[in-house]
Every structure is written in C-alpha cells, then in structure tokens.
Amino acid sequence: MGATYSSLMKRIVSLLPAATEISAALGLMDQVVGVSHECDFPREANQRPRVTRCPIHDAGLTSREVDAWVRRTLRESGTIYAIDESLLRKLRSDVILTQKLCDVCAVDYGTVARLAETLPGPPQVVNLEPSSLADIFDNIRRVAEVCGVHERADELIAQLSDRIEAVQRRVNRIGNRPRCLLMEWVDPPFCCGHWGPELVEIAGGHDPLGRKHQPSVQMDWREVLDARPEIVVLALCGYDVDRARRDYELLRSFPKFDSLPAARRGEIYLVDASAYFARPGPRIVDSLEILAGILHPEEFPEFASRGLEDPRNVRAG
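A quick note: this is a predicted structure, and the numbers were derived from the prediction, not measured.

### Concerning the overall build of the protein chain
Here is step 1: Check the secondary structure of the protein chain and you find twelve helices and 13 strands.
Here is step 2: Here the C-alpha atoms of the protein chain give a radius of gyration of 20 Å, agreeing with the 20 Å that 2.2 N^0.38 yields for 317 residues.
Here is step 3: Judged by the C-alpha coordinates and their principal axes, the protein chain covers about 65 × 45 × 30 Å.
Here is step 4: Counting the 317 residues in the protein chain, one finds 54% classified as buried.

Below, the structure is given as structure tokens:
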C-alpha cells in the first residue's frame, strides 16, 4: 500500500500563497517542492525553493509608487513577475498551481502554461480562479482531486463550512447592518471585490461600494464621502497591519476625511490582508471571523481586536 501511494504522489509547485495554504491544509506540504516569492504560510513554505520573484517585493515603495509601477510594467511587458525557469526545470513538478484571476497577484496564466509545455512531463497546470467563497471551496476540491486526496477536501470544507454557519446563526439574531467599506487600496482608493463584499454581508454588514463576485476597481474619493461608511476596514492587498498603518495616516489627509461617520466614531480598522482577506485559501474563514468581531464586537467578543499589538486586526481610530 505504501509503495503504491508513493508512486501516486505528485510533485507540486505552487505559484500562489493561497494554493500553498490549500496544499498544506490537505496534508500535501511534503509534496510541495517549489513556491512563489510570497508564499510564507505555513512555516514550511519558507523552506522551499522560490521559483518567482518581483522587483518591488519588500522594496519599501509608497502605495502610489507601487500602483504607478504596476500599471507601467503591465502596460510595457504584460507581467510584473519573473520565473526562474532553470529552477523550475530542475524541480520536475507534476502539478503547477497558478491562476488567471489577477495579473497583479501572481505570474499570469499564459506565461505559466507556455512554459509548462516545454518542461519534462509536461506538468499539469491547474488554474485557481475564485471570485466567491463557493469558488474558494471549489479550488480546494480541485487541488485535492488532482492530487488524489478528494476525501481530505470533504473533511476540510465541512470544517470551514461549520465555522461560516456558526457566524451566520449569530448574525441572524442582530438587526443592525452597518455600512462597512472594505478598502483594497488607499492611494489611489480601490473598493473591494470578489469575495470581499460577501464576507461583509455574512459578517452582518453592508458594503455600499463593494463589487460582489467582480474585480475591485479604483473609485473616486467623492464616492467614499457620499457613501458615508459607518465602519472602514483597510484590507490592503499584500499589506499586513504595520504596513497598513502608514496608509491610514495617508487616508487621514484626504479631503473631508473627518466628516466620515467612521472617522467621527473611531471605527476604522487595519487588518492583515496579506495573510487573510486577499488570500483565497482556508484562512478566508478567519477573515470572516475577524470582520464579525469588527462589525459586532458585542456578539463576537472572541474575534474582536486584542489591542494595538494584535497582528490580525487593530482599531486605528
């Protein structure tokens, strides 16, 4: 039995942090032989060879500079990432986990697919392209199916679904649904998209500018002022709480910021979007619980911020 199972084990290269987390949650981390430059969870991911890089990763640029560089580079070359082709060949993967969802989030699918055709095997390229919670669960099933562990996906999804339903049951007892603006970027301002508005809704709020199951878009600051959010959550793509603090200070300088109900009430929160909100893997349910603690701390005290040193969620003002 052991020899048969060993012969079926797939060598996995994950080009997505979420895909790495999905693999780990399915008990496949020992089969992950290569990861992207952004894969940092679980801890074992940091011990794997990194097959991608990005020139501005951890470069200390401002949000405005990052936005300008990304737009210019995508326009000029079509991608902001580079793949270490020689390393990828040496890894002799059977499966490459990648995505078509966003050219800013990872190496574009076309580049990966074309390269995969030239590799030994060639490896199977698996596209993970979620826009909703249901899609994220489908991605878990997809990875499990490709790697021959579909029963593990059933167990994992059941556990995650139970946690979602637990939040929903408690939210159903609450009449208040505050206007909660989930921002994916500050400079320039971007609303949230895809699964973001869905998380707000399940957690007992309403995002007046969110684009449910659609890509996020840049918005005019006037739209934010007109929406009059009662709560603002800075879930900035790729940023942890410490990095979001700098953009909160920038946000405070925007015209009429102090007129926002959220600013007057001190209901502005910084979250670790890099680990949670912007990463469509198993920890997306942690994101939901974090939001529930923000929107309804009396009902969900166990998920509320633990103070200024909380690495997941901090009340900024």
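### Some points on the sheet that holds strand S8 (residues 190-191)
Here is step 1: The strand order across the open sheet built from five strands is S8-S7-S11-S12-S13, with neighbouring strands paired in mixed fashion. Whereas interior strands pair on both sides, the edge strands pair on one side only; in this sheet they are S8 and strand S13 (313-315).
Here is step 2: Two elements, strand S11 (residues 231-234) and strand S12 (residues 268-271), share three bridges in a ladder whose sense is parallel. Its bridge partner lying in S12, Val232 is registered against Ile268.
Here is step 3: The strands touched by helix H10 (residues 241-251) are strand S7 (180-185), S11, S12 and S13; relative to S12, the strand with the most contacts, the crossing angle is about 145 degrees.
Here is step 4: Packing against the sheet, helix H12 (residues 284-295) makes contact with S7, S11, S12 and S13, and its axis sits at approximately 150 degrees to S11.

### Let's talk about helix H7 (residues 150-171)
Since the α-helix turns once every 3.6 residues, residues separated by three or four places project in the same direction.
Here is step 1: Across its 22 residues, H7 extends 32 Å between first and last C-alpha, which sits within 8% of the 32 Å expected from 1.5 Å per residue.
Here is step 2: Along H7, the residues classified as buried are Ala153, Leu156, Ile157, Leu160, Ser161, Ile164, Val167 and Val171. Projected onto a plane normal to the axis of H7, the buried residues spread over an arc of 130 degrees and lie on a single side. Exposed positions of H7 whose direction lies more than 90 degrees from the buried face are Gln159 and Arg169.
Here is step 3: Where H7 is buried, its residues contact helix H2 (17-25), helix H6 (133-146), helix H8 (196-202) and H12.

### Concerning the pairing of strand S5 (residues 95-98)
Here is step 1: The side-chain alternation of S5 yields two buried faces, one formed by Val95 and Leu97 and the other by Ile96 and Thr98.
Here is step 2: When strand S1 (residues 12-14) meets S5, the two strands line up parallel, connected through three bridges. Residue pairing across strands places Val13 opposite Ile96, the latter belonging to S5.
Here is step 3: Where S5 lies against strand S6 (residues 124-127), four bridges are found, and the strand directions are parallel. When the bridges of S6 are listed, Thr98 appears paired with Asn127.

### Focus on the packing of aromatic side chains
Here is step 1: Counting across every chain of the model gives three aromatic pairs.
Here is step 2: For the pair Trp185 and Tyr239, a centre-to-centre distance of 5.1 Å together with 45 degrees between the ring planes defines the contact as tilted. In this pair, Trp185 is assigned in strand S7 and Tyr239 in the loop between S11 and H10, connecting sequence segments 54 residues apart.
Here is step 3: With centroids separated by 4.9 Å and ring planes inclined at 90 degrees, the aromatic side chains of Trp221 and Phe254 adopt a geometry described as edge-to-face. In this pair, Trp221 is assigned in helix H9 (residues 221-227) and Phe254 in the loop between H10 and helix H11 (261-265), connecting sequence segments 33 residues apart.
Here is step 4: When the ring centre of Phe41 is taken as origin, the NZ or CZ atom of Arg283, which lies over that ring, is 3.8 Å away.
Here is step 5: In this structure, Arg283 packs its charged tip against the face of Tyr276, placed 5.0 Å from the ring centre.

### Examining the confidence of the model for the protein chain
Here is step 1: Within the protein chain, residue pLDDT values average 91, and 94% of them lie at 70 or more.
Here is step 2: Of the regions scoring below 50 in pLDDT, residues 1-7 engages in two contacts with residues more than four places distant in sequence or in other chains.

### Considerations on the packing of H7 against H12
Here is step 1: Running from N to C, H7 and H12 point in directions that differ by 15 degrees, and their axes come no closer than 10 Å. As the angle between them shows, H7 and H12 are arranged roughly parallel. In the packing of H7 onto H12, the handedness of the crossing is left-handed. Between H7, through Leu160, Arg163, Ile164 and Val167, and H12, the contact on the second element is made entirely by Val285, Asp286, Leu288, Glu289 and Ala292.

### Quick look at the nonpolar core
Here is step 1: The biggest cluster of nonpolar side chains holds 59 residues, and the ones touching the most others in it are Leu26, Ile140, Val233 and Phe277.
Here is step 2: It is H12 that provides the largest number of residues to this core, a total of eight residues.
Here is step 3: Ignoring anything within four residues of it in the chain, the contact list for Phe277 reads Leu182, Trp195, Leu199, Ala235, Val271, Asp272, Ile284, Ser287, Ile290 and Leu291.
Here is step 4: Grouped together as the second largest cluster of nonpolar side chains are 48 residues, Met183, Val224, Ala227 and Phe254 included.

Parameters at a glance
- Residues numbered from 1 in each chain as written.
- Predicted model: local features only at pLDDT ≥ 70, side-chain atom pairs only at ≥ 80, totals over all residues.
- Heavy atoms only, no water.
- Helix = DSSP H or I, 4+ residues; strand = E, 2+ residues; numbered from the N terminus.
- Rg over C-alpha atoms; globule rule 2.2 N^0.38 Å.
- Buried < 20%, exposed > 50% of the residue type's maximum accessible area, 1.4 Å probe, protein only.
- Pairing = 2+ DSSP bridges.
- Contact = heavy atoms within 4.5 Å.
- Axes fitted to C-alpha atoms, helices over the stretch in contact; angles between N-to-C directions.
- Expected span 1.5 Å × (residues − 1).
- Arc of directions from axis to C-beta.
- Phe/Tyr/Trp six-rings, centres within 6.5 Å; stacked < 30°, edge-to-face > 60°.
- Lys NZ or Arg CZ within 6 Å of the ring centre and 35° of its normal.
- pLDDT = per-residue confidence, 0-100.
- Parallel < 35°, antiparallel > 145°, perpendicular 65-115°, else oblique.
- Left-handed = near helix turned anticlockwise from the far one by under 90°.
- Core = buried A, V, L, I, M, F, W, Y, C linked by side-chain atoms within 4.5 Å.

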